[in-house]
Amino acid sequence: MRLTQEHDELRRLSKKFVEKEINPYVDEWEKEGIFPAHELFKKMGNLGLLGITKPEEFGGMDLDYSYNIVFAEEMGAIHCGALPMAIGVQTDMATPALAKFGSDELRRNFLAPAIAGDMVAAIAVSEPGAGSDVANIKTSARKDGDDYVINGTKMWITNATQADFLCLLANISDDSKHHNKSLIVVPTNTPGISFSERLDKLGMRSSDTAQIFLDDVRVPQSHCIGEEGSGFKMQMIQFQEERLFAAAMAIKGLENCINETINYTRERKAFNKPVLDNQVVHFRLAELQTEVECLRALTYDAVEGYINGEDVSLKASMAKLKSGRISREVTDACLQYWGGMGFMWDNLVSRYYRDTRLGSIGGGTDEMMLGIICKLMGTLPTRKND
Ligand SMILES: Cc1cc2nc3c(=O)[nH]c(=O)nc-3n(C[C@H](O)[C@H](O)[C@H](O)COP(=O)(O)OP(=O)(O)OC[C@H]3O[C@@H](n4cnc5c(N)ncnc54)[C@H](O)[C@@H]3O)c2cc1C
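**Student:** Explain the pairing of strand β3 (residues 147-158) here, please?
**Tutor:** For a regular strand, side chains alternate in direction, first toward one face of the sheet and then toward the other. Note: strand β2 (residues 140-144) against β3, five bridges, orientation antiparallel. Bridging from a neighbouring strand, Lys-143 pairs with Tyr-148 of β3. Between β2 and β3, which pair antiparallel one after the other, the connecting turn spans two residues, and Gly-145 there sits at a positive phi close to 60°. Sheet topology note: the β3/strand β7 (residues 209-220) ladder contains nine bridges and is antiparallel. Bridged to Ile-150 within β7 is Val-217.

**Student:** Can you walk me through the packing of helix α1 (residues 5-22) against helix α3 (residues 37-46) in this structure?
**Tutor:** The relative placement of two packed helices is expressed as an angle between their axes plus a distance between the axes. Where α1 meets α3, the closest approach of the two axes is 12 Å, and the angle between their N-to-C directions is 150°. The angle between the axes of α1 and α3 places the two elements in the roughly antiparallel class. Crossing of α1 against α3: the hand is right-handed. Counting all contacts with α1, which are made through Phe-17, Glu-21 and Ile-22, the residues of α3 involved are Leu-40, Lys-43 and Met-44.

**Student:** Is there a simple way to explain the nonpolar core in this structure?
**Tutor:** Nonpolar side chains tend to gather and get buried jointly when the protein is soluble and globular. Judged by nonpolar contacts, the single largest core of 40 residues is most densely connected at Ile-22, Leu-40, Met-44 and Ile-78. Ranked by the residues each element gives to this core, the list is headed by helix α4 (residues 65-75), at six residues. Apart from residues no more than four positions distant in its own chain, Ile-22 is found in contact with Phe-17, Trp-29, Leu-40, Ile-78, Leu-83 and Ile-87. Within the second largest apolar cluster, 28 residues are counted, among which are Phe-58, Ala-97, Phe-110 and Leu-169.

**Student:** Help me understand the site of the ligand, please; the structure alone is not making it clear to me.
**Tutor:** For the ligand, the set of nearby residues contains 16 residues, the closest of which are Ser-126, Ser-132, Trp-156, Thr-365 and Glu-367. Thr-158 places a polar side-chain atom, nitrogen or oxygen, 2.8 Å from a nitrogen atom of the ligand. One of the side-chain nitrogen or oxygen atoms of Thr-365 is found 2.7 Å away from an oxygen atom of the ligand. Bound to the protein, the ligand loses 62% of the 980 Å² it would expose on its own.

**Student:** Just to check I follow, could you spell out α3 for this structure?
**Tutor:** Every α-helical turn comprises 3.6 residues, leaving residues that sit three or four positions apart pointing alike. The complete set of buried residues in α3 reads Ala-37, Leu-40, Phe-41, Met-44 and Gly-45. The buried residues of α3 occupy one face: seen down the axis, they fall within an arc of 140°. Along α3, exposed side chains directed more than 90 degrees from the buried face belong to Glu-39 and Asn-46. Elements that come into contact with the buried residues of α3 comprise α1, α2 (26-32), α4, α5 (82-93) and α7 (104-116). Within two residues after α3, Gly-48 carries a phi angle of roughly 85°, on the positive side.

**Student:** Which parts of the structure should I look at to understand the pattern of salt bridges?
**Tutor:** A side chain with one charge may pair with a side chain of the opposite charge, provided their charged atoms come close. Taken as a whole and assessed by the stated rule, the structure comprises 25 salt bridges. One salt bridge in this structure joins Lys-100 and Glu-241, with 3.0 Å as the shortest N-O distance. A residue pair is termed long-range when its members are at least 10 positions apart, and Lys-100 in helix α6 (residues 96-101) and Glu-241 in helix α8 (residues 231-267) qualify at 141 residues. Since its relative accessible area comes to 6%, Glu-241 is described here as buried. Its salt-bridge partner being Arg-284, residue Glu-287 comes within 3.6 Å of it at the nearest N-O pair. Here Arg-284 and Glu-287 lie together in helix α9 (residues 279-307), a separation of three residues that amounts to about one turn. With a relative accessible area of 47%, Glu-287 lands in the partly exposed category. Arg-284 gets classed as partly exposed once you look at its relative accessible area, which sits at 23%.

**Student:** Please explain the layout of surface pockets as it appears in this structure.
**Tutor:** In this approach a probe as big as a water molecule rolls over the atoms, and the regions it shows empty are the leftover space. Approximately 240 Å³ is the volume attributed to the second largest pocket. Forming the boundary of the second largest pocket are 16 residues, of which Glu-30, Lys-31, Gly-33, Arg-205 and Trp-345 lie nearest the centre. Taken together, the elements giving at least two residues each to the lining of the second largest pocket come down to α2 and α11 (348-355). Among the residues forming the lining of the second largest pocket, the class breakdown is two nonpolar, three polar and 11 charged.

**Student:** Could you clarify how one ought to interpret the pairing of strand β5 (residues 181-187) in this entry?
**Tutor:** With seven of its seven residues buried, β5 lies for the most part within the structure. Covered by surrounding structure in β5 are Lys-181, Leu-183, Val-185 and Pro-187 together with Ser-182, Ile-184 and Val-186, the residues of both alternating faces. Note: strand β4 (residues 165-171) against β5, seven bridges, orientation antiparallel. Paired with Leu-169 across the two strands is Leu-183, which belongs to β5. One ladder, built from two bridges, connects β5 with strand β8 (residues 224-225); its direction is antiparallel. The residue of β8 that forms the bridge with Ile-184 is Cys-224.

What counts and what doesn't
- Residues numbered from 1 in each chain as written.
- Predicted model: local features only at pLDDT ≥ 70, side-chain atom pairs only at ≥ 80, totals over all residues.
- Heavy atoms only, no water.
- Pairing = 2+ DSSP bridges.
- Helix = DSSP H or I, 4+ residues; strand = E, 2+ residues; numbered from the N terminus.
- Axes fitted to C-alpha atoms, helices over the stretch in contact; angles between N-to-C directions.
- Parallel < 35°, antiparallel > 145°, perpendicular 65-115°, else oblique.
- Left-handed = near helix turned anticlockwise from the far one by under 90°.
- Contact = heavy atoms within 4.5 Å.
- Core = buried A, V, L, I, M, F, W, Y, C linked by side-chain atoms within 4.5 Å.
- Buried < 20%, exposed > 50% of the residue type's maximum accessible area, 1.4 Å probe, protein only.
- Near = heavy atom within 4 Å.
- Polar contact = N/O pair within 3.5 Å; in protein donor to acceptor, adjacent residues only side chain to side chain.
- Areas by Shrake-Rupley, 256 points an atom, 1.4 Å probe, with all protein chains shown as cover.
- Arc of directions from axis to C-beta.
- Salt bridge = Lys/Arg side-chain N within 4 Å of Asp/Glu carboxyl O.
- 1 Å grid on protein atoms, 1.4 Å probe; cavity = no way out; pocket = protein on both sides within 12 Å on 5 of 7 lines; lining within 4 Å.
- Points joined across faces, edges and corners; volume = space filled by probe spheres on them.
- Nonpolar A, V, L, I, M, F, W, Y, C, P; charged D, E, K, R; others polar.

The following block contains the structure:
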């Protein structure tokens, strides 16, 4: 991936935004358990940051995905995991399918305001009974006249309580489970939608996560994104960008964690010398930094293939897997070198330790990534009815 002066400019803009408009407020938002999504997204929309790869016609910059990766890396420098995740939902999880396959009317009414920061988006796929097993979701969208009538429950939905619309996966027919689904745009002010209290989480405290109940929710069939019945396929395509974004987003946070640990252990003395001067400590930190560089190289490599139009399912899954794995390794090792200070709630490293634990779970667990990698390596045993 060749980084140009334009990439550098976007990096500077994103970095400045994080330093000025986000990091000073993160502690407050983490305590409140929510951040002001409309206010923040509007500021980002004004700078064009919510539509980097999206069509110009709808307010985007129409740049290739390498620019989004630079943006994702800089969002990773936010002093928590919740904000980068919420921003990623808006730009790379809830809107890619809408941008690629949505009708012009849908894109005018929902994509353009999401890019401008006037609407907050959420992606509603997971359910109480189906997370990894996406094909087995139970939410249904029954046709009635020109409408869909949607019933079901969605679980763990990021941005839920502040969202203006959902990109929702539902079953629309009795066809086979890979061909009976559609992605449907559902405005959250539609009668029949209700939300649980915000869910109390181990980490990602400032992100609002909730359960969503849909009880005879009526939306026009024109709200279906792309071809009816191709929702599963589109969601799998959409996951590709989500996984690249997740991998890139992890990089700077991990580097922050390592750098903060270097600074602390350089100052902290035990047995008359800085903790950092123990070879076990500086060697380990060097090893972790090397792991982070490997993640960056793998992510850039996957993105290069992606912008060249290749199917990067293998490398995107590997990058997502690697980011989850090393996030756990880096944050755990760094926390250890802070001793008791590492166990304090407000410590940045302990926040990263809690927040990045989601990396191996959300947007496809490590085991799901391993399954995809094995399938593409030809080592996954086939089942009789496959
Ligand atoms: C904070 C947070 C935010 C989230 N945001 C969103 C969101 O915005 N939108 C959304 O749709 N979802 C969201 N999710 C849901 C998330 O994507 C799911 O939790 C995730 O996909 C895992 O699904 P599950 O929790 O149902 O786990 P399960 O599918 O029940 O799996 C449990 C465990 O079993 C393992 N497992 C399952 N099957 C196999 C197998 N065949 N082989 C080996 N191991 C297996 C899994 O890997 C996992 O470790 C969010 C979750 C959290 C916690």
